[in-house]
Amino acid sequence: MEPFHQDPSSPEVLIEMKDVTVGNSSLPENLLVEAWNWKIKSGDFWVLGGMSGAGKTELISVAAGIHKPRKGSLTFFGKEVQHIEPEAYLREKLNVGMVFEDGGRVFHDLSVYDNLMLPLNYHELATADQNQKWALQILEMTGMSSMMDQSAGKLSRNWRQRLGLARAMTLRPEVLFLDHPLGVVDAYHGQWWLVFLDELFKGIGGWKPRSVIVTASDLTPWIDRVNRIGLIRGGVWEELDPSNRDVLTQHDLVRALLAGTIQF
Amino acid sequence: MSRTVTSSPETDESTSRMTGPGKLPFSILLGRMIIRSIGTLHELLAFSLITLSVTLLKFNRSKAVVHPIIRSQIYLAGIRLVPLVGMVAIMTGFIVVGQMISLFSMIGASRYTGLAMVVAVFRELGPLMTAMMVLARVGTSTVIELGTKRAMGEVEALEALGIDSIHYLVVPRVLGLALSIMALTIYFILISMVSAYMFVFMQDIPMKPGAFVNQIVEALHISDFLMLVLKSFFFGTIIAVVTCYEGLARPIRLGDISSAAMRAVMKAILFCVLLDAVFILYWMV
């Protein structure tokens, strides 16, 4: 397993948050983090750690442009999203992919294949033949070719989560967010995810994301893979360098999130 | 904070005006209901305008995805409902119109048959009954379908993929339901006219088919056709917008979907009847 190394030549800022306030979507009066500043650069592989309920999902939902921040500015690829036209925003947003937690939020009434074809056909970014070829290629890469005609709603959670990844890959996003990708998958599928993400970082099917962000309540699988760590606890955001093992060993939250499984 | 209850006449009087499980005064409950209704109306209007603007601006976009859904909605809300609408139209023709014609014949007012047919079926029963059938069969399933998508996070997934949920989920349903109700209303009227004449024929009432049709044609005006099209189109639009709004516009949990469906049905009936009243006012003026 090779760690995902940061691009040494002045990495470009892909997504930036300035003084952002993030609220809880189910409890509007609750604020999860205030005056949050975060830069996602080309070559970054982040893991966002925090205890369950700390607000990791809300944070990446705002960073991915799915939810709006209560305050502050969000910049996609150098353009502040609050000040660009909807069409331009959509173009930038297509460069940001999201794999949702807990079964990937796949479209239950569509087949596995149609889950992939929907974003491709909707945005008409390529010809129908090219879209079809790319969808079939993704299915093959993710080991789902044999189930392409099955209804997504009938898949097990393991496969739904994988379909969520396959669907997020269709638009070849430059930044890929994965919300608790290992949260519901069993050990076998979990191993597949880690191996596949390693391959993805190297480039797969002529595409690779420039930055990947995962959230996790257990840092164990990620600590040796990532080059950036972000922690959220009690509304406080903290960034750590995973190569600085001295800091990690003394950090109580990191120790808790590793659950004692790693000995430094 | 607890409230002290005294036995003063004022308290007794206010208690007598209290109602409901929370024992709140009727005036407060009424006020809350009015404020809630205004808020809902405001949201529904905003939702309708957004849907209208998306329909106009994006109708020709993503045709490979959206247009097949419009066709499938026409099938679900229109073609699949033809047998049901046909059956109800036959019964309406027999029970309501046929008996009315039979009665007119008995009192020597046969010349009003066409007018009665136009007023009862063309202007009122046709559009309203068709709309209610579509609401019961398709409107409720729309709330459940969209509410489930919302509760399962599929709507957020659409947005994350840059797919406009109004364009993908609402516009096809609005167009599908509006066009389906228009078409079904015409079927309903035609079938109920035929069944009404069948009743007349079986009752040995001396009225030839040509005379029956002539009376109806004479009673009809161009504005009747225009109103029929407008009425049925707006009934379809109301049903689609209200059911989509209840399923989609607000965060919802799986357990709340049944009550959302109930709310949608009540609101759709209310708005359709209100619109019908507006059309009746037009005729009266």
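Refer to the structure printed above.
What counts and what doesn't
Residues numbered from 1 in each chain as written. Chains lettered and ligands numbered in written order. Predicted model: local features only at pLDDT ≥ 70, side-chain atom pairs only at ≥ 80, totals over all residues. Heavy atoms only, no water. Core = buried A, V, L, I, M, F, W, Y, C linked by side-chain atoms within 4.5 Å. Buried < 20%, exposed > 50% of the residue type's maximum accessible area, 1.4 Å probe, protein only. Helix = DSSP H or I, 4+ residues; strand = E, 2+ residues; numbered from the N terminus. Contact = heavy atoms within 4.5 Å. Patch = residues over 30% accessible without salt bridge, like charges linked within 9 Å, V, L, I, M, F, W, Y side chains within 5 Å. Areas by Shrake-Rupley, 256 points an atom, 1.4 Å probe, with all protein chains shown as cover. Salt bridge = Lys/Arg side-chain N within 4 Å of Asp/Glu carboxyl O. Polar contact = N/O pair within 3.5 Å; in protein donor to acceptor, adjacent residues only side chain to side chain. Buried area = accessible area lost by both parts, 1.4 Å probe. Axes fitted to C-alpha atoms, helices over the stretch in contact; angles between N-to-C directions. Parallel < 35°, antiparallel > 145°, perpendicular 65-115°, else oblique. Nonpolar A, V, L, I, M, F, W, Y, C, P; charged D, E, K, R; others polar. Disulfide = S-S within 2.5 Å.

1. Quick word on the nonpolar core
Reasoning step 1: One finds Ile15(A), Trp36(A), Trp38(A), Phe177(A), Ile213(A), Trp237(A) and Tyr168(B) to be the most contacted residues of the largest nonpolar core, which totals 92 residues.
Reasoning step 2: At 11 residues, the largest contribution of residues to this core is made by helix H7 (residues 165-202) of chain B.
Reasoning step 3: Beyond its immediate sequence surroundings of up to four residues, Tyr168(B) is in contact with Leu110(A), Leu118(A), Val65(B), Ile69(B), Leu158(B) and Ile163(B).
Reasoning step 4: Val99(A), Ala135(A), Ile229(A) and Leu258(A) belong to the second-largest nonpolar core, a separate cluster that totals 50 residues.

2. Notes on helix H3 (residues 112-123) of chain A
Reasoning step 1: Most of H3(A) sits out of view: 10 of its 12 residues are buried.
Reasoning step 2: Those residues of H3(A) not exposed but buried are Val112(A), Tyr113(A), Asn115(A), Leu116(A), Met117(A), Leu118(A), Pro119(A), Leu120(A), Tyr122(A) and His123(A).
Reasoning step 3: Turning to H3(A), the residues buried within the fold contact helix H2 (86-93), helix H4 (128-141) and helix H5 (157-169) of chain A together with helix H3 (63-77), helix H6 (154-160) and H7 of chain B.
Reasoning step 4: Residue Glu124(A) follows H3(A) closely and has a positive phi angle near 50°.

3. Some thoughts on a nonpolar patch on the surface
Residue and element names in this part refer to chain B.
Reasoning step 1: Among the surface-exposed residues, Phe-26, Leu-30, Met-33, Ile-34 and Ile-38 lie close enough to one another that they form a single nonpolar patch of about 490 Å² accessible area.
Reasoning step 2: Within the element layout of this structure, Ile-34 appears in helix H2 (residues 26-58).
Reasoning step 3: The exposure class assigned to Ile-34 is partly exposed, which follows from its relative accessible area of 43%.

4. Observations concerning the environment of Arg105(A)
Reasoning step 1: With respect to the helices, strands and loops of the structure, Arg105(A) is situated in the loop between strand S6 (96-99) and H3.
Reasoning step 2: Along the primary structure Arg105(A) and Glu199(A) are separated by 94 residues, whereas in three dimensions their C-alpha atoms are 24 Å apart.
Reasoning step 3: Not counting residues within four places of it along the chain, the set of residues in contact with Arg105(A) comprises Phe100(A), Arg167(A), Met152(B), Gly153(B), Glu154(B), Glu156(B) and Ala157(B).
Reasoning step 4: For Arg105(A), the side chain forms a polar contact with the side chain of Glu156(B), separated by 2.2 Å.

5. Overview of the interface of chain A and chain B
Reasoning step 1: Contact with chain A, which involves 23 residues of that partner, is made by 22 residues of chain B.
Reasoning step 2: Taken together, both faces of the contact between chain A and chain B bury some 1800 Å²; the carbon and sulfur share is 57%.
Reasoning step 3: Among the residues of chain A in contact with chain B, Arg105(A), Phe107(A) and Tyr122(A) are the three that bury the most area, contributing 34% of the side total.
Reasoning step 4: Between Arg61(B) and Glu87(A) there is a salt bridge; the shortest N-O distance is 3.1 Å.
Reasoning step 5: The interface formed by chain A and chain B includes 10 residue pairs in polar contact (both at pLDDT 80 or more).
Reasoning step 6: Put simply, the parts of the chain that give the side of chain A that touches chain B at least two residues each are H2, S6 and H3 of chain A.
Reasoning step 7: Here the side of chain A that touches chain B takes five residues from H3(A), the largest share from any one element.

6. Observations concerning the packing of H2(B) against helix H9 (residues 222-249) of chain B
All names here are of chain B.
Reasoning step 1: Look at H2 against H9: their axes get within 10 Å of each other, and the N-to-C directions meet at 100°. In terms of orientation, H2 and H9 fall into the roughly perpendicular class. The segment H2 lies against H9, with Thr-40, Glu-43, Leu-44, Phe-47 and Ser-48 engaging Val-241, Val-242, Cys-244, Tyr-245 and Ala-249.
Reasoning step 2: Its residues assigned to classes, the contact of H2 with H9 shows seven nonpolar, two polar and one charged.

7. Describing the state of the cysteines
Residue and element names in this part refer to chain B.
Reasoning step 1: Using the criterion set out here, one finds zero disulfides over all chains in the structure.
Reasoning step 2: Counting only cysteine sulfurs, Cys-272 is the nearest neighbor of Cys-244, a cysteine outside any disulfide, at a range of 14 Å.
Reasoning step 3: Residue classification places Cys-272 among the buried residues on the basis of a relative accessible area of 0%.

8. Regarding the pattern of salt bridges
Reasoning step 1: Within the structure shown, the criterion is met by 23 salt bridges over all chains.
Reasoning step 2: In this structure, the salt-bridge partner of Arg157(A) is Asp102(A), at a minimum N-O distance of 3.3 Å. One end of the pair, Arg157(A), is in helix H5; the other, Asp102(A), is in the loop between S6 and H3, and 55 residues separate them in sequence.
Reasoning step 3: A residue is classified by how much of its surface remains accessible, and Arg157(A), at 43% relative accessible area, is partly exposed.
Reasoning step 4: For Arg250(B), the salt bridge identified is with Glu43(B), shortest N-O distance 4.0 Å. One end of the pair, Arg250(B), is in the loop between H9 and helix H10 (257-284); the other, Glu43(B), is in helix H2, and 207 residues separate them in sequence.
Reasoning step 5: With relative accessibility at 35%, the residue Glu43(B) sits in the partly exposed group.
Reasoning step 6: The structure contains a network of salt bridges with shared partners spanning Glu43(B), Glu246(B), Arg250(B), Arg263(B) and Lys267(B).

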